[in-house]
Amino acid sequence: MTIRVVVADDQELVRSGFAMILGVQEDIEVVAEVGDGAAAVAAVERLAADVALLDVRMPVLDGIEACRSISAGSACRTVMLTTFDSDEYVYEALHAGASGFLLKDVRRDDLVHAVRVVAAGESLLAPSVARRLIEEYTAATVRAPALPAERLEVLTARERETLLHLGRGLSNAEIAAALVVSEHTVKSHVGNVLAKLGLRDRIQAVICAYETGLIAAGTPSGG
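Residues numbered from 1 in each chain as written. Predicted model: local features only at pLDDT ≥ 70, side-chain atom pairs only at ≥ 80, totals over all residues. Heavy atoms only, no water.

(A) Structural context of the overall build of the chain. Within the chain one finds ten helices and five strands. Taken over 223 residues, the chain has a buried fraction of 48%. The long-range share in the chain, meaning contacts at least 24 apart out of those at least 6 apart in sequence, stands at 69%. Surface exposure of the chain reaches about 10400 Å², of which carbon and sulfur atoms provide 53%. (Helix = DSSP H or I, 4+ residues; strand = E, 2+ residues; numbered from the N terminus. Buried < 20%, exposed > 50% of the residue type's maximum accessible area, 1.4 Å probe, protein only. Contact = heavy atoms within 4.5 Å. Areas by Shrake-Rupley, 256 points an atom, 1.4 Å probe, with all protein chains shown as cover.)

Written as structure tokens, this is what we have:
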């Protein structure tokens, strides 16, 4: 299956460079190159893109708002492009539905790998990295649970434990060891958690664990 990609950046050299790298891959097609967030949202809808690479800072509509619109209105997965690995909008972008981040000086092979990983439904941040990032931003922005704890009532006890471990940044192997089950079983639990809570990926699960109060910001990680 060909992965359809929209590249959105207000710097022409950046977006054309990314498009050139991706466009020569047999399994990737760059269906649009655009210079602002509004054009990115329109292109994703019009061209049924699978992945959108979005610059954090763009005119007309910034990358965060474009990400939010795309995540709410389509199955397209989004990756934020940034110059800094400690961008102040990390938490907001993840909350808006981003599946991860790429630095604009990313290596060619890493860019291609990232698009394939996100298209396959995974996130670009390792669980432990996601936990650290989100803890930093929730500590600064979330003083009390932002989502009702009742949202978690749809989960079984074991699924709730799985979400707790996801929120602490554990990998599937580490969760399997903690629950004394197989990794296959953990993968099934993770899938059930995401489906029941309407979450896109593990990053969103980490956010949910914090915002429902299942984990308080500052809680030590497991593993």
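(B) Inspection of the nonpolar core at higher detail. Counting 28 residues, the largest nonpolar core has Val-6, Val-34, Val-44, Leu-54, Ile-70, Met-80 and Leu-94 as the members making the most contacts within it. The element contributing the most residues to this core is helix 4 (residues 90-96), with five residues. Those residues in contact with Val-6, other than ones at most four positions away along the chain, are Val-31, Ala-32, Val-34, Ala-40, Ala-43, Val-44, Ala-49, Val-51, Ala-52 and Leu-53. Counting 21 residues, the second largest nonpolar core, distinct from the first, contains Leu-163, Leu-166, Leu-197 and Ala-205. (Core = buried A, V, L, I, M, F, W, Y, C linked by side-chain atoms within 4.5 Å.)

(C) Expanded view of the pattern of salt bridges. Counted under the stated rule, the structure contains nine salt bridges. The partner of Lys-104 in a salt bridge is Asp-55, and the shortest N-O contact between them spans 3.2 Å. Placement of the pair is Lys-104 in the loop between strand 5 (101-103) and helix 5 (108-119) and Asp-55 in strand 3 (residues 51-55), with a sequence separation of 49 residues. In this structure, Arg-68 and Glu-65 form a salt bridge, with 2.6 Å as the shortest nitrogen-oxygen distance. Note that Arg-68 and Glu-65 are positioned in helix 3 (residues 63-73) at a spacing of three residues, about one turn of the helix. Accessibility expressed as a relative area gives 30% for Arg-68, which makes it partly exposed. Via salt bridges that share partners, Asp-9, Asp-55 and Lys-104 belong to a single interconnected network. (Salt bridge = Lys/Arg side-chain N within 4 Å of Asp/Glu carboxyl O.)

(D) Looking closely at the pairing of strand 1 (residues 3-8). Of all the six residues making up strand 1, five are buried; the element is thus mostly covered by neighbouring parts of the structure. In this sheet, strand 2 (residues 28-34) lies alongside strand 1 in parallel orientation, the contact comprising six bridges. Across the sheet, Ile-3 pairs through a bridge with Ile-28, a residue of strand 2. The parallel pair strand 1 and strand 2, bridged by helix 1 (residues 12-23), forms a crossover whose chirality is right-handed. Here strand 1 runs beside strand 3; their pairing, made up of four bridges, is parallel. (Pairing = 2+ DSSP bridges. Right-handed = clockwise from strand over helix to strand, strands pointing away.)

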